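A closer look at the structure
Okay, here's what each chain looks like letter by letter:
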Amino acid sequence: MLRLDRIDIVQDGFRLGADWTVEGAARIVVIGPSGAGKSTLLSAIGGFLGGDVTGTMTWQGERFDPLPPSKRPVATLFQDNNLFPHLTVGQNLTLGLRPDLKTTPKDRERVARALSEVGLDGTEDRLPATLSGGQASRAALARVMLQDRPIVLLDEPFAALGPAMKEEMLDLVAAKLAGRLVLMVTHDPADARRFGEALVFVDGGVAEAPLPLPDALESPTKRLAAYLGSRK
Amino acid sequence: MARRALSVSPLGRVGAALAVLICGLYLVAGLAVGVRAPSDSIARLTDGDWAALRFTVLQAVVSAGVSVALAVPVARALARRRFIGRGLLIALLGAPFVLPVIVAVLGLLSVFGRGGLINDALALVGMGPWSIYGLQGVVIGHVFFNLPLAVRFLLAGWQAIPAERFRLTEGLGGSVWHLLERPMLREVAPSAFAAIFLICLSSFAVALTLGGGPSATTIEVAIYQALRFEFDLQKAAVLAALQAALGIGGALVALRLSVGMVQGAGLDRPVLRQSGRVAGFVDGVVILAAAAFLVLPLGMVAAKGVAGLGDLPDGLPAAAIRSLCIALSVAVATPALALAIAARGGAAQGVAMALPLSVSGLVMGTGLFIAINPVIDPAVLALPVTALMNCLIALPFAIRVVAPALARAEQAYGPLADGLGLHGVARVRVLYLPRMRRALGFSAGLAGAMAVGDLGVIVLFAGQSQETLPLLMYRLMGAYRTTDAAAVALVLLVMSLSVFWVFDRGGRADAASG
């Protein structure tokens, strides 16, 4: 269970509050107008905002907001720069297991298996630049799988992919990260329908408590309806 | 959205500690000078000391003035002409940074010196000989090194004027000089003047080799004489305090006059303009003269050096090895220091950049000499102290290169590294070294090359058995063994350029995509 307890994020004139709880494994989409603070909410949970956040965050009853990013029960996929371009795909995945890059045969086997699970068998020795956008996304997903954190934050990592590729990635994420709590930022209500089990609407300085999908989209609140316009 | 530092990183803590150490070092040197200098120091300054102070300021003002004045036509010609070799010439303008001063001095002597080209020409028409030593020599030496810098400053100013504005002015029939160029120079020239003035205030090697007699002695040369010949530590301390005050004052003045840093990027794009045939001819002459002034002395050194290579002086191999050791240790240590200090940023970075720029290496060397003299023979520590001082001298330049690269690496991959728990050594290995290779390699090359050619602290400390290449060269020149000196100069020049090239190249090699 993830609990955001009276979270208040303040950043040069910008403010965002959140005060809610979600049960363990679930796929939650975070939606709202640009600039409302969707990414900021994820950054706060991921630990990338430092001292701008007040309130407490707990996972399974244990507080994690004072911890640095790598000690939180959280793995993040950013919009870009999810792989180090100077490291091979295999090394990038190994970083999900151990930051010193020293590998045992068992580690190498785990890396190979993770790559295989996302359909990238045998790409260990390639550099990220030699992968297509979709392949790079899948390699980053494989690293998150190895990181073995119960919460995964997706900050529009698939925004640059074409629609078909994005749908494929969403299905892959849903399959491979089953059993984890996934929060994904998106602009696209279609992503929410395809992927989400619940929806957090961020607008007017508040990240509202998650509402179950697809109901949230079928009979939206007034403000959500205003945001969605005719595209609901 | 701006990413804020979560807390000071382990590397940043190292950087803070290093900055404290550096401050401590300057403090020790300052205390040593302070303890040695009597309380009535000012009253004890002799006429000679005051003359040295006046000459120091005078030569700096004249050198900076001449450099900037000559740079105006050169920069204007480079700004509006396109010709074969233009890119090469502009690249050469960056060369003085890695060019050993003593090598350039030898080259200038072979053009302007007693047996040089100018005097040969004067003799043909029954005039001369003309002596380079004195104010004129110091100014020629400083202009040689700083004209390129001034041209880079001014060229950047020219290229900051939008091309449309030239067309508009010409379309209206107005004077480009009055409406565009003069206002631009009024903004840019003072910064160029201030930077060069500051450099010339504490440029020891040029004043040592091209100054002449008591009437053309800078404070730093007087310090050297007090320490080495008179062994008068008290006088050296007084003069060091005077030079330190001058340097700090000069730095404050320079800070006031400076409007911004010159960026090297984009200087190879000419401002295309039509202008008359006379202007074209003048530009051509200006460019040729500037190129000759910069290239001829080095060509002379190379030609003479090749002639002397058959019979190399005895001390050369040992001196070469010493210089190489100093260069390599400085090339490795300086970027590492710069990285750690840039990771801390803030006051640590400010101190590490300001102290070496305002308190010259020779003044620091004097302080350290006085501080260690009661404990141990300074000659024993000649090489380590030289390496340390060269590291500090190069540090401001290295930080200026490394800090933006660090910011870019952090901006792009900092969150990823944070999320993966890459801290300390792992972060350096996985993030900084690969992503900052170019900046680290360039600053290593710069620091190493500057160290190879430095003729500063070493002259205060070194005994007979600790000659570096520049010191060996200086001693050979002092003994009028010009051919030997030219051979050493050639070796020194090749080593300096090689050190720069190898490290800079290393930073660029197989730079990973992304």
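Everything numeric here is computed off the predicted structure, so don't read it as measured data.

Let's shift gears to the overall build of chain B. Broken down by element type, chain B carries 22 helices and zero strands. Since a compact globule built from 514 residues should have a radius of gyration of about 24 Å, the 24 Å found for chain B is in line with a globular shape. The principal-axis extent of the C-alpha atoms belonging to chain B is close to 75 × 70 × 55 Å. Taken over 514 residues, chain B has a buried fraction of 53%. A separation threshold of at least 6 residues defines the contact pool for chain B, and within that pool the share at least 24 residues apart is 83%. Carbon and sulfur atoms make up 67% of the accessible area of chain B, which amounts to about 22500 Å² in all. Here chain B contributes 37 positively and 23 negatively charged side chains, and the mean placements of these two sets differ by 10 Å.

Once that is clear, we can look at the side chain of Arg149 of chain A. Residues and elements named next belong to chain A. Residue placement: Arg149 occurs in the loop between α4 (133–147) and β7 (151–155). Buried charged residue Arg149 carries no salt bridge. Nearest counter-charge: Asp148, at 8.1 Å. Looking at Arg149, its side chain comes within polar contact range of the main-chain oxygen of Arg72, at 3.1 Å.

Attention now moves to the domain arrangement of chain A. Residues and elements named next belong to chain A. Split into domains, chain A comes out as domain 1 (2–73 + 149–231) and domain 2 (85–148). Spacing between the C-alpha centres of domain 1 and domain 2 amounts to 26 Å. In this complex, domain 1 contributes 14 residues to the contact, which on the side of domain 2 involves 11 residues. At the junction of domain 1 and domain 2, the tally comes to one salt bridge. As a salt-bridge pair, Glu117 and Lys176 come within 3.6 Å of each other at their nearest N and O atoms. On the surface where domain 1 and domain 2 come into contact, there are three residue pairs in polar contact (both at pLDDT 80 or more). Here the side of domain 1 that touches domain 2 gets six residues from one element, more than from any other, and that element is helix α5 (residues 163–176). Residues that form the side of domain 1 that touches domain 2 fall into these classes: 10 nonpolar, no polar and four charged.

Residues and elements named next belong to chain A. The end-to-end C-alpha distance of helix α3 (residues 105–117) is 18 Å, a good match for the 18 Å that 13 residues give at a rise of 1.5 Å each. Taken together, the buried positions of α3 are Asp107, Val111, Ala114 and Leu115. End-on, the buried residues of α3 take up no more than an arc of 100 degrees, which puts them together on one face. What points out from α3, more than 90 degrees from its buried face, is the exposed set Pro105 and Lys106. Residues of α3 that are buried sit in contact with α2 (89–94) and α4. Following α3 by one or two positions, Gly119 has its phi on the positive side, about 80 degrees.

Contacts between the two partners involve 25 residues from chain B and, on the opposite side, 27 residues from chain A. Of the roughly 2200 Å² buried at the junction of chain B and chain A (both faces included), carbon and sulfur atoms supply 63%. For the interface between chain B and chain A, the tally reads six residue pairs in polar contact (both at pLDDT 80 or more). Only α17 (382–419) and α18 (424–435) of chain B provide two or more residues apiece to the side of chain B that touches chain A. Top element by residues in the side of chain B that touches chain A is α17 of chain B. It accounts for seven residues. Of the residues assigned to the side of chain B that touches chain A, the class counts are 15 nonpolar, five polar and five charged.

So, about the pattern of salt bridges. All told, the structure shown has 25 salt bridges over all chains when counted by the stated rule. As a salt-bridge pair, Arg15 of chain A and Asp8 of chain A come within 2.6 Å of each other at their nearest N and O atoms. Taking relative accessible area as the criterion, Arg15 of chain A reaches 52% and is therefore assigned exposed. For Asp8 of chain A, a relative accessible area of 18% gives the class buried. A salt bridge links Lys235 of chain B to Glu230 of chain B; its shortest N-O distance comes to 3.7 Å. Relative accessible area serves as the criterion here: at 26%, Lys235 of chain B is assigned to the partly exposed category.

Before going further, it helps to spend a moment on the nonpolar core. Membership of the largest hydrophobic core comes to 170 residues, with the highest contact counts inside it found for Phe84 of chain A together with Trp158 of chain B. Among the elements that take part in this core, α17 of chain B stands out by supplying 16 residues, more than any other. Sequence-distant contacts of Phe84 of chain A, defined by excluding residues within four places in its chain, comprise Asn92, Leu95 and Pro128 of chain A together with Tyr413, Leu416, Ala417, Leu420, Leu422, Val430 and Leu431 of chain B.

What follows deals with the domain arrangement of chain B. All names here are of chain B. You can read the domains of chain B as domain 1 (1–35 + 309–514) and domain 2 (59–301). At the junction of the two partners, domain 1 supplies 37 residues and domain 2 supplies 34 residues. Linking domain 1 with domain 2 are zero salt bridges. Taken together, the connections running from domain 1 to domain 2 amount to five residue pairs in polar contact (both at pLDDT 80 or more). Residue assignment for the side of domain 1 that touches domain 2 shows that the elements contributing at least two residues are α15 (346–358), α16 (361–372), α17, α19 (437–453), α20 (457–461), α21 (469–478) and α22 (482–508). Of all the elements, α22 adds the most residues to the side of domain 1 that touches domain 2, at nine residues. Of the residues belonging to the side of domain 1 that touches domain 2, the class tally is 27 nonpolar, eight polar and two charged.

Turning next to the pairing of strand β2 (residues 14–22) of chain A. All names here are of chain A. Summarising the sheet, strand β1 (residues 2–11) and β2 pair through eight bridges and their orientation is antiparallel. Residue Leu2 lies in a different strand from β2, and its bridge partner there is Val22. Connecting β1 to the next strand, β2, in antiparallel fashion are two residues, including Gly13 with a positive phi near 80 degrees. The pairing of β2 with strand β10 (residues 206–207) spans two bridges and is classified as parallel. Bridged to Gly17 within β10 is Val206.

Further remarks concern empty space enclosed by the protein. Under the counting rule described, the total for this entry stands at four cavities of 30 Å³ or more. Its volume calculated, the largest cavity comes out at about 70 Å³. Lining the largest cavity are 13 residues, with Ala75, Thr76 and Gln147 of chain A together with Gly419 and Leu420 of chain B sitting closest to its centre. Looking at the lining of the largest cavity, the elements that each hand over two or more residues are β6 (74–77) and α4 of chain A together with α17 of chain B. Tallied by class, the residues present in the lining of the largest cavity amount to eight nonpolar, four polar and one charged.

By secondary structure assignment, the location of Thr88 of chain A is in the loop between β6 and α2. Placed 37 residues apart in sequence, Thr88 of chain A and Asp125 of chain A show a C-alpha to C-alpha distance of 5.4 Å.

Here we come to the pairing of β6 of chain A. All names here are of chain A. Burial along β6 is two-sided: Val74 and Thr76 and Ala75 and Leu77, pointing in opposite directions, are all buried. As judged from the four bridges shared by β6 and β7, these two strands associate in the parallel manner. When the sheet's bridge partners are listed, Ala75 is paired in β7 with Val152.

It is worth spelling out α15 of chain B at this point. Residue and element names in this part refer to chain B. The first and last C-alpha atoms of α15 sit 18 Å apart over 13 residues, in line with the 18 Å expected at 1.5 Å per residue. Within the span of α15, buried status applies to Ala348, Gln349, Ala352, Met353, Pro356 and Ser358. Where the residues of α15 are buried, they touch α1 (10–36), α12 (233–257), α14 (316–344) and α17.

Rules used in this analysis
Throughout, a residue's number is its position along its own chain's written sequence, starting from 1. As a convention, the first chain written is A and the first ligand written is 1, with the rest following in written order. At least 70 in pLDDT is required for a residue's local features to be given in this predicted model, at least 80 for side-chain atom pairs to be given and counted, and no such filter applies to totals for whole chains, interfaces and linings, which use all residues. The basis for every side-chain value is the complete set of heavy atoms in the structure, and neither hydrogens nor water enter the calculation. Counting from the N terminus, the helices are the DSSP runs of H or I reaching at least four residues and the strands are the DSSP runs of E reaching at least two. Put simply, the radius of gyration uses C-alpha atoms, and a globule should come to 2.2 Å times the residue count raised to 0.38. Partly exposed describes any residue whose relative accessible area lies between the buried limit of under 20% and the exposed limit of over 50%, with all areas from a 1.4 Å probe on protein chains only and scaled to the type maximum. Whether two residues are in contact is decided by their heavy atoms: any pair within 4.5 Å suffices. We get accessible surface area from the Shrake-Rupley algorithm with a probe of 1.4 Å; when it comes to residues, only the shown protein chains can shield them. By the counting scheme adopted, Arg and Lys are positive, Glu and Asp are negative, and His together with the chain ends is not counted. Think of each charge as sitting on NZ of Lys, CZ of Arg, CG of Asp or CD of Glu. The term salt bridge refers to a side-chain nitrogen of Lys or Arg lying within 4 Å of a carboxyl oxygen of Asp or Glu. Pairs of N or O atoms within 3.5 Å make up the polar contacts considered here, provided that, within protein, one atom can donate a hydrogen while the other can accept it, and that residues adjacent in sequence are counted only when both atoms are side-chain atoms. Domain limits in this description derive from either an automatic procedure or a database domain assignment. Amino acids outside the nonpolar list (Ala, Val, Leu, Ile, Met, Phe, Trp, Tyr, Cys, Pro) and the charged list (Asp, Glu, Lys, Arg) are all regarded as polar, and Gly is one of them. Multiply 1.5 Å by the residue count of a helix minus one, and that product is the helix's expected span. Arc, as used here, means the arc of the directions from the helix axis to the C-beta atoms. Simply put, the buried area is the total loss of 1.4 Å probe accessible area from both parts when two parts are fitted together. Buried Ala, Val, Leu, Ile, Met, Phe, Trp, Tyr and Cys residues form a nonpolar core when they are joined through side-chain atoms within 4.5 Å. Any two strands with at least two DSSP bridges between them are considered paired. Throughout, the protein atoms alone are placed on a 1 Å grid, and a set of points is a cavity if a 1.4 Å probe fits but cannot get out or a pocket if it is open with protein on both sides within 12 Å along at least five of seven lines; lining residues have an atom within 4 Å of a point. Grid points are joined across faces, edges and corners, and a volume is the space filled by probe spheres set on the points.

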